[in-house]
Amino acid sequence: MCKHILNAQVSIRAACCKRWFDCPQCHAENSTHELKKTSEIIFLCKKCKKAFRKDVNECEEADEYCPHCDNQYVIEAKTPMAALGVEGEDARVDNRLIKDDRTKIIGSSMFDNDASDKLG
């Protein structure tokens, strides 16, 4: 699973080391050598788990889809974004920060008192 591109649809086989990576950044982190550039790229579709080859010099709009399952793999990449959140922002969602200041009065139950003389 790629931590750089969250919606990666294919894995790419590196021509230099014959290993599968989701993106060039994953190759750079896991290898000690540079990624070898080639005109023919071998892809592995993550939907149907089948491999296919594409020539970079002859790319067309129809080449954006897996030839086996028609999964579109050329899509806009979703990269992880840093997010800041305020803890306890909405009490309806997260009520852990609400403190109950009421005190329980011990021995003040209406059932504890003998009220038989008050009954008519």
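Cut-off values and rules
Residues numbered from 1 in each chain as written. Predicted model: local features only at pLDDT ≥ 70, side-chain atom pairs only at ≥ 80, totals over all residues. Heavy atoms only, no water. Helix = DSSP H or I, 4+ residues; strand = E, 2+ residues; numbered from the N terminus. Buried < 20%, exposed > 50% of the residue type's maximum accessible area, 1.4 Å probe, protein only. Contact = heavy atoms within 4.5 Å. Areas by Shrake-Rupley, 256 points an atom, 1.4 Å probe, with all protein chains shown as cover. Pairing = 2+ DSSP bridges. Core = buried A, V, L, I, M, F, W, Y, C linked by side-chain atoms within 4.5 Å.

Please clarify how the overall build of the protein should be interpreted in this entry.
If you tally the helices and strands in the protein, you get one helix and four strands. The linear arrangement of helices and strands in the protein, starting from the amino end, is β-β-α-β-β. The buried share of the protein, reckoned over its 120 residues, is 19%. Contacts in the protein between residues at least 24 apart in sequence constitute 34% of all its contacts with a sequence separation of at least 6. Summed over its atoms, the accessible surface of the protein is roughly 10400 Å², and 51% of this surface lies on carbon and sulfur atoms.

Where do I start with the sheet that holds strand E3 (residues 40–45) in this structure?
Strand order in the open sheet formed by four strands is E2-E1-E3-E4, with antiparallel pairing between adjacent strands. The open sheet has two edge strands with one neighbour each: strand E2 (20–21) and strand E4 (51–55).

Please clarify how the nonpolar core should be interpreted in this entry.
The nonpolar side chains of a soluble globular protein tend to be buried, and buried together. Formed by Val10, Phe43, Cys45, Phe52, Cys66 and Tyr73, the largest nonpolar core amounts to six residues. Beyond its immediate stretch of four places on either side in the chain, Phe43 contacts Val10, Ser11, Ile12, Trp20, Lys50, Ala51, Phe52, Lys54 and Tyr73. Cys2, Ala14, Phe21 and Cys23 belong to the second-largest nonpolar core, a separate cluster that totals five residues.

Remember, this is a structural readout, not a statement about activity or role.
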